[in-house]
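Residue-level structural notes
Here's the letter readout for the chains.
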Amino acid sequence: MNGKWNIYSLHQRTCVTLLLVLLETFLPINAEDFTVNGVNYRTINEKSVMVIKTAGYSGDLIIPSTVERKGKTYSVIKINNCAFSSCSLITSVTLPNSITEIPLEAFAYCSGLTSVSIPNSVTNIYAKAFMGCSSLTSVLVPNSVIFIGDGAFQSCDKLTSVTIGDNVQSIGSGAFRECTELYEISIPNRVKSLGAGAFSGCYNLSSVSIGDNVISIGDRSFEGCRALTTITIPNDS
């Protein structure tokens, strides 16, 4: 128990440090913070806003593609690191087509999250974006995504179904580590690298199919997958 709390505390301190760095370094001149429907935003310029840290949000989270403030309409083009991390009462997430990235720890430890809708505009899912979302049961990574970061879905221990889009090229280290209810996975043909420990600790994983263009499979990618009985690997890997 102490180990888990230490990791959790470290995670919180990391998020606070990142937010402070962003505030000091990247805060635009005359930026304004405001709230619409319980979600916090910050202006980037006269036309665009980003979603910033929103603590305590509960229920279904729907981030719109545009928001209005003082008679002006802004496009929502970015989500900040850790924006909804540890919001344990969020139950579902729907993202707009105006978003191209899901950043570091954006929804990490949202333990009540059961479903997420990732639009076809997203190209990158960064490190630990959904780490510790222990109620998440299925994930559809759309064809627009080319990169899944380290630990992106780590410890999503209710995750039973993962569909990885055809254009993903890289799956990071520990991306699906300890997804203990995952039974099968198909790695698309465009994936070139599979990071170290990508599926380690998935002890119910029984079937793996790896695409034809994989160049590198990291150390211990399937360590602890004790139920694994079928794995298809291209001959020249």
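Rules behind the numbers
Residues numbered from 1 in each chain as written. Predicted model: local features only at pLDDT ≥ 70, side-chain atom pairs only at ≥ 80, totals over all residues. Heavy atoms only, no water. Pairing = 2+ DSSP bridges. Helix = DSSP H or I, 4+ residues; strand = E, 2+ residues; numbered from the N terminus. Axes fitted to C-alpha atoms, helices over the stretch in contact; angles between N-to-C directions. Core = buried A, V, L, I, M, F, W, Y, C linked by side-chain atoms within 4.5 Å. Buried < 20%, exposed > 50% of the residue type's maximum accessible area, 1.4 Å probe, protein only. Contact = heavy atoms within 4.5 Å. Patch = residues over 30% accessible without salt bridge, like charges linked within 9 Å, V, L, I, M, F, W, Y side chains within 5 Å. Areas by Shrake-Rupley, 256 points an atom, 1.4 Å probe, with all protein chains shown as cover. Salt bridge = Lys/Arg side-chain N within 4 Å of Asp/Glu carboxyl O. Phe/Tyr/Trp six-rings, centres within 6.5 Å; stacked < 30°, edge-to-face > 60°.

1. Regarding the sheet that holds strand β9 (residues 115-117)
Spatial ordering of the open sheet is given by β4-β7-β9, a layout of three strands whose pairing is parallel. Of all the strands in the sheet, just β4 (58-62) and β9 have a single pairing partner and so form its edges. Shown here is a sheet whose adjacent strand axes are inclined to one another by a mean of 20°, direction ignored. Two strands pair when backbone bridges link them, and β4 and strand β7 (residues 89-94) are joined in this way by five bridges, in the parallel orientation. Residue pairing for β7: Ser58 is matched across the bridge by Leu89.

2. Section: the nonpolar core
If you look at the biggest cluster of nonpolar residues, it comprises 61 residues, and the most contacted ones within it are Phe107, Ile125 and Phe199. For this core, the elements supplying multiple residues, two or more each, are β2 (39-43), β3 (48-51), β6 (72-79), β7, β15 (184-187) and β17 (207-210). Among the elements that take part in this core, β6 stands out by supplying three residues, more than any other. When residues no more than four places from it in sequence are discounted, the contact partners of Phe199 are Phe176, Leu182, Ile185, Ile187, Leu194, Leu205, Ser221, Phe222, Glu223 and Cys225.

3. A few points about a nonpolar patch on the surface
Together, Ile217, Ile231 and Ile233 line one region of the surface with nonpolar side chains, adding up to about 220 Å² of accessible area. Within the secondary structure layout, Ile233 lies in the segment after β19 (230-232).

4. Considerations on the sheet that holds β19
The parallel open sheet is built from three strands, whose spatial order is β15-β17-β19. Unpaired on one side and paired on the other, β15 and β19 mark the two borders of the sheet. Across this sheet, the average inter-strand angle for adjacent strands is 0°, counted without regard to direction.

5. Focus: the side chain of Ser48
Following the sequence through the fold, Ser48 ends up in strand β3. Residue classification places Ser48 among the buried residues on the basis of a relative accessible area of 11%. Here Ser48 is in contact with Thr43, Tyr74, Ser75 and Ile77, once residues within four sequence places are set aside.

6. Examining the packing of aromatic side chains
On inspection of all chains with the given rule, the structure shows 10 aromatic pairs. Where Phe34 meets Tyr41, the ring centres are 5.7 Å apart and the plane angle is 25°; that geometry is what we call stacked. When sorted by exposure, Phe34 lands in the same class as Tyr41, which is buried. Ring geometry for Phe84 versus Phe107: centroids 5.5 Å apart, planes at 0°, classification stacked. Placement of Phe84 in the loop between β6 and β7 and of Phe107 in the loop between β8 (101-102) and β9 is noted, with a sequence separation of 23 residues between them. Taking relative accessible area as the criterion, Phe107 reaches 0% and is therefore assigned buried.

7. Focus: the pattern of salt bridges
If you walk through the whole model with that rule in mind, you get four salt bridges. Here Lys70 makes a salt bridge to Glu32, at a shortest N to O gap of 4.0 Å. Residue Lys70 is found in the loop between β5 (66-69) and β6, and its partner Glu32 is found in the loop between α1 (2-26) and β1 (33-36); the two are separated by 38 residues along the sequence. A relative accessible area of 69% places Lys70 in the exposed class. A relative accessible area of 34% places Glu32 in the partly exposed class. For Glu223, the salt bridge is made with Arg220, and the minimal N-O distance between the two is 3.9 Å. Connected via shared salt-bridge partners are Glu32, Arg69 and Lys70.

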